[in-house]
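# Tertiary structure, described
One-letter residues, chain by chain:
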Amino acid sequence: MLRTALQQSGRLLSDSLVAPRAACAVQSRYGSSVALPSNEPGFFASLFGAPANSAPSMREPLTGVETPPEVTYDKAPVTEMTTLSNGVRIVSENTPGPTATVGVYIDVGSKYENPQNGGVTHFLERTAFKDTAHRTHLSFTREAEAIGANFMAAGGREQMSYTATGIKTNLPQLVELLADTALYSKFTPYNVQIELAAMARELKAEAKPELLVNEWLHQVAYKGGLGQSYLWNGSALDPEIIVDFVEANHTGPRVVIAASGVEHKALVGLSERLFADLPATAGQPAVPSQYEGGDHRVNYPQAFTQVLLGFEVAGGWRDVKNSIAMSVMVTLMGGGSSFSAGGPGKGMHSRLYTRVLQRYGWMEECTMFQSIHNDTGLAGIAASCSAGKAPEMLEIVQKELRAIATKGAIGEAELERAKKSTVSNVLMALESSGVVCDDMGRQILTFGQRISVEDMKSTIEKITANDIAACAAAMLKSKPTLVSVGPEALSLPPYAEVCKAFA
Amino acid sequence: MSKPSVLSKFTQPLFEWAAVRYQAMVGKELKKYGLRHDDLLDPTMDLDVREALKRIPQAEIEARNQRIKRAMDLSMKHKYLDKEMQAKQTPFKSYLLNDLQQVQTENHERATLGGKAKYNRQLP
């Protein structure tokens, strides 16, 4: 019935695909004015040859072309890991899709710096993908453009990453370019000078307190490795210092090559030779960090006064259960800025929104922050308000922190919401192959293995309200770290009073 | 190097004989004034030399300037360097040619790969 309806309405496409000869007959019946080119060679083709511009018909499959097998993803991809003889670990997962992300993750960061070479990790992040021993910066750029790849370097206090995203078939080029930049970057005096001058200009232009608070938080809270500022502070960085740092810290056991969207054997075959030159030593040890807490106030003329009150999260990521409870707590507390468009999933039902931002209209921003490292971490509440309310704001922040540490203060419904939200955030983030690659690389560096998604999900789902309260209570036992910036920073109550409030 | 042709089998030994003597003559003249060969490369005549001079360590630049000043002084006084000082000279010790070669390679690469010129200045 449908066929007759189609025929009667004159839409012959479906018919002609099924039976070409019938289509010709049907065309003549309906007198279609569309000149469907027929590709059957006529009589004169044998004498004169086929016309030069005859292209194959797009209505029939091409002859002699092998179509690839249909891809079915009925099994979730598995994470595979290989360790080379010099300690380099290669981990990959064959996520579906046309793109691949490859990354070199190195256990080096500002934690390994001392005052003489302070800022060298920041410098390395900025000079990634420039001149190497094998190619100039221009060459590198042209080669990257030729394969259409994205390159990114991200440095931090504990880990450094160089990542590349591109089409799967370009995997050899991606791995080679990454290896070149990670291991063979060239630091000539001339280029180092130009780069340091550019960094100095940029830091001068961007050194606003609101961007520096995270740095100050770490510098105040920690003595030693983690207390070293990540940003370059202007000290002289000679090429010898940089090369020494790189050689001392880029060693086999501290390098992980992670990739998503690639076959493990192919990746191992490529990386084996490229990373074989790394020494098998443990490299320079990190400068030990000690949490001590403290107070830092900056009277800066800006519209709002910002206050960050943080505490130590002992154990860091390596205490897996505690750090996952911490993550759920951050989702539970949530918060954000008062000028928020809201909407579903925006977190406006989190504790800091319902208990703080919606009650006190003068509060500009109130959010829970966390900065967790391998063995220790910082977490707390950051708040900001306009003139006149800073002492009251600090009171409210202290009250909220004490409240979350009280047993029985967390409702069942909000806990469930927070847990489900955390799980969905993790799963949604892992939809991106770039995040999968990052996850694998950084987890291997921190834990030595990858915690699977199912394990993480089940750990999150087993968190109870008492776990969160215990986690918060443990956190509040450490000395507080108070950083405040703004016109009212100096008029806040003294640090000793803040310590007493949590005693 | 190009393939040795029949003619070059004859001219090459002659060329080498002359080259050795020429280099010795140039070296002798440079020693008289206490200069190195690389000091004669003029940044006002070649932008590549100017760029290469920006890349070498400052200590080399200062030594080059002092040698040039000493040579100018000797030239003004119509004198040559002392015999024992001349014995210490090293006229063919290079400090600039590697960086100059690097600059020229980069310029050539930039031209082939189609990058814009790094800077655009004309010689006066």
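Just so we're clear, the structure is a prediction, and the values are computed from it rather than from any experiment.

### Topic: the overall build of chain A
Helix and strand counts for chain A stand at 19 helices and 14 strands. Going through the 503 residues of chain A one by one, you find that 46% of them count as buried. For chain A, restricting intrachain contacts to residue pairs at least 6 apart in sequence, the fraction spanning at least 24 positions comes to 79%.

### A closer look at the pattern of salt bridges
Within the structure shown, the criterion is met by 26 salt bridges over all chains. Between R142(A) and E145(A) there is a salt bridge, with its nearest N and O atoms 2.9 Å apart. Of this pair, R142(A) and E145(A) both sit in helix 6 (residues 137–147), 3 residues apart, which is roughly one turn of the helix. Between R55(B) and E51(B) there is a salt bridge, with the nearest N and O atoms lying 3.4 Å from each other. Within this pair, R55(B) and its partner E51(B) are both found in helix 2 (residues 47–55), separated by 4 residues, close to a single helical turn. Judged by its relative accessible area of 13%, R55(B) falls in the buried class. Taking relative accessible area as the criterion, E51(B) reaches 3% and is therefore assigned buried.

### Details of the layout of surface pockets
Empty space within the largest pocket amounts to approximately 1,100 Å³. Among the elements of the structure, helix 9 (209–221), helix 12 (320–333), strand 12 (363–372), helix 15 (412–429), helix 16 (433–447) and helix 17 (453–461) of chain A are those that each provide at least two residues to the lining of the largest pocket. Of all the elements, helix 16 of chain A adds the most residues to the lining of the largest pocket, at 7 residues. In this structure, the second largest pocket spans a volume of roughly 700 Å³. Looking at the second largest pocket, it is lined by 28 residues, and the ones nearest its centre are D131(A), H137(A), N191(A), E106(B) and K118(B). For the lining of the second largest pocket, the secondary structure elements donating two or more residues are helix 5 (120–126), helix 6 and helix 8 (189–206) of chain A together with helix 5 (97–113) of chain B. For the lining of the second largest pocket, the element with the highest residue contribution is helix 8 of chain A, accounting for 7 residues. Grouping the constituent residues of the lining of the second largest pocket by class yields 8 nonpolar, 9 polar and 11 charged.

### Quick word on the packing of aromatic side chains
Residue and element names in this part refer to chain A. Under the criterion given, the structure shown has 9 aromatic pairs over all chains. Relative to Y291, the ring of Y222 has its centre 5.5 Å away and its plane inclined at 80 degrees; by these criteria the two rings are edge-to-face. Linking Y222 in strand 6 (residues 222–224) with Y291 in strand 8 (residues 289–291), this pair joins segments that are 69 residues apart in sequence. The exposure classification of Y222 matches that of Y291, with both residues buried. Measuring from ring centre to ring centre gives 4.9 Å for F311 and F502, while their planes differ by 75 degrees; the resulting arrangement is edge-to-face. Of this pair, F311 sits in strand 10 (residues 305–312) while F502 sits in the segment after helix 19 (495–501), placing them 191 residues apart in sequence. Taken individually, F311 and F502 each receive the classification buried, so the pair is uniform in this respect. Here the aromatic cluster, defined as three or more aromatic residues joined through ring pairs, consists of F129, F140, F151 and Y162. The ring of Y112 carries R254 above its face, with NZ or CZ at 4.3 Å from the centroid.

### Quick word on the packing of helix 6 of chain A against helix 5 of chain B
Axis separation between helix 6 of chain A and helix 5 of chain B bottoms out at 10 Å; the angle between their running directions is 20 degrees. Compared by their axis directions, helix 6 of chain A and helix 5 of chain B come out roughly parallel. The two elements helix 6 of chain A and helix 5 of chain B meet at a crossing, and its hand is left-handed. Contacts between helix 6 of chain A and helix 5 of chain B involve L138(A), S139(A) and R142(A) from the former and E109(B), R110(B) and L113(B) from the latter. A per-class count over the contact of helix 6 of chain A with helix 5 of chain B returns 2 nonpolar, 1 polar and 3 charged.

### Remarks on the side chain of R351(A)
Residue and element names in this part refer to chain A. Along the chain, R351 falls in helix 13 (residues 351–357). Given a relative accessible area of 2%, R351 falls into the buried group. A distance of 3.3 Å separates a polar side-chain atom of R351 from the backbone oxygen of A409. Leaving out residues up to four positions away in the same chain, R351 has contacts with L332, M333, V356, A403, I404, A409, I410 and E414.

### With respect to unusual backbone geometry
In this model, F129(A) sits at a positive phi of 65 degrees, which is unusual for a non-glycine residue. On the secondary structure map, F129(A) appears in the loop between helix 5 and helix 6. A relative accessible area of 12% places F129(A) in the buried class. If you check the backbone angles, H78(B) has positive phi at about 55 degrees while not being a glycine. Tracing the backbone shows H78(B) in the loop between helix 3 (58–77) and helix 4 (83–88).

### A word on a negative patch on the surface
Residues D238(A), E240(A), D244(A) and E247(A) make up a contiguous surface patch of negative charge. In this structure, E247(A) sits in helix 10 (residues 239–249).

### Observations concerning the interface of chain B and chain A
Counting residues at the interface gives 10 residues for chain B and 6 residues for chain A. Both sides of the chain B and chain A interface together cover about 770 Å² of buried area, and 53% of this is carbon and sulfur. Of all residues in chain B, R55(B), E109(B) and L113(B) give up the largest surface area on contact with chain A, accounting jointly for 51% of the area buried on that side. For the pair chain B and chain A, the interface holds 5 residue pairs in polar contact (both at pLDDT 80 or more). Elements supplying a minimum of two residues to the side of chain B that touches chain A: helix 2 and helix 5 of chain B. Looking at the side of chain B that touches chain A, the element that brings in the most residues is helix 5 of chain B, giving 5 residues.

About the criteria used
Residues numbered from 1 in each chain as written. Chains lettered and ligands numbered in written order. Predicted model: local features only at pLDDT ≥ 70, side-chain atom pairs only at ≥ 80, totals over all residues. Heavy atoms only, no water. Helix = DSSP H or I, 4+ residues; strand = E, 2+ residues; numbered from the N terminus. Buried < 20%, exposed > 50% of the residue type's maximum accessible area, 1.4 Å probe, protein only. Contact = heavy atoms within 4.5 Å. Salt bridge = Lys/Arg side-chain N within 4 Å of Asp/Glu carboxyl O. 1 Å grid on protein atoms, 1.4 Å probe; cavity = no way out; pocket = protein on both sides within 12 Å on 5 of 7 lines; lining within 4 Å. Points joined across faces, edges and corners; volume = space filled by probe spheres on them. Nonpolar A, V, L, I, M, F, W, Y, C, P; charged D, E, K, R; others polar. Phe/Tyr/Trp six-rings, centres within 6.5 Å; stacked < 30°, edge-to-face > 60°. Lys NZ or Arg CZ within 6 Å of the ring centre and 35° of its normal. Axes fitted to C-alpha atoms, helices over the stretch in contact; angles between N-to-C directions. Parallel < 35°, antiparallel > 145°, perpendicular 65-115°, else oblique. Left-handed = near helix turned anticlockwise from the far one by under 90°. Polar contact = N/O pair within 3.5 Å; in protein donor to acceptor, adjacent residues only side chain to side chain. Patch = residues over 30% accessible without salt bridge, like charges linked within 9 Å, V, L, I, M, F, W, Y side chains within 5 Å. Areas by Shrake-Rupley, 256 points an atom, 1.4 Å probe, with all protein chains shown as cover. Lys, Arg positive; Asp, Glu negative; His and termini not counted. Charge placed at Lys NZ, Arg CZ, Asp CG, Glu CD. Buried area = accessible area lost by both parts, 1.4 Å probe.

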